[in-house]
Amino acid sequence: RSDATRCPPDLEADQENLTTWLRQAIRVGNIGGLMEAGFPRYVWYRDGHRVFEGRLTNQIKGEYKGYPITSDEVPTEFQELG
């Protein structure tokens, strides 16, 4: 989408680390929305001062689109992401 938030340039080539973040977030329960084919619709992860939201884009492959969000966009139940 033309209005989609772009991945931060410092992370674009770091797929291995991003996959680790995604797995950690799911493992500790930083998830929301419906489960689709065993994958949560949304996932949240904090990396230092940045919070990222991942949105499921392919439920067959378990692929996500991740993007930074502002603190006021973080769901209340995940304000204390670790």
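Quick look at the structure, then. (Residues numbered from 1 in each chain as written. Predicted model: local features only at pLDDT ≥ 70, side-chain atom pairs only at ≥ 80, totals over all residues. Heavy atoms only, no water.)

Quantified by volume, the largest pocket comes out at close to 530 Å³. Elements represented by at least two residues in the lining of the largest pocket include exactly α1 (15–28), β2 (39–47), β3 (50–58) and β4 (63–69). Among the elements that take part in the lining of the largest pocket, α1 stands out by supplying eight residues, more than any other. Classifying every residue of the lining of the largest pocket gives 14 nonpolar, five polar and five charged. (1 Å grid on protein atoms, 1.4 Å probe; cavity = no way out; pocket = protein on both sides within 12 Å on 5 of 7 lines; lining within 4 Å. Points joined across faces, edges and corners; volume = space filled by probe spheres on them. Helix = DSSP H or I, 4+ residues; strand = E, 2+ residues; numbered from the N terminus. Nonpolar A, V, L, I, M, F, W, Y, C, P; charged D, E, K, R; others polar.)

Attention now moves to a nonpolar patch on the surface. Taken together, I26, I31 and M35 make up a surface patch of nonpolar side chains, about 240 Å² in accessible area. Locating M35 in the fold gives a position in strand β1 (residues 31–36). (Patch = residues over 30% accessible without salt bridge, like charges linked within 9 Å, V, L, I, M, F, W, Y side chains within 5 Å. Areas by Shrake-Rupley, 256 points an atom, 1.4 Å probe, with all protein chains shown as cover. Salt bridge = Lys/Arg side-chain N within 4 Å of Asp/Glu carboxyl O.)

This part is about the sheet that holds β1. What the four strands build is an open sheet, ordered β1-β2-β3-β4; its pairing is antiparallel. Both edges of this open sheet fall to β1 and β4, since each of them pairs with a single strand only. Strand-to-strand twist of the sheet, defined as the mean angle between neighbouring strand axes without regard to direction, takes the value 25°. Strand direction decides the pairing type here: β3 and β4, joined by seven bridges, are antiparallel. Bridge pairing in β4 places G54 opposite G66. Docked against the sheet, α1 engages β1, β2, β3 and β4, running at close to 110° with respect to β2. (Pairing = 2+ DSSP bridges. Axes fitted to C-alpha atoms, helices over the stretch in contact; angles between N-to-C directions. Contact = heavy atoms within 4.5 Å.)

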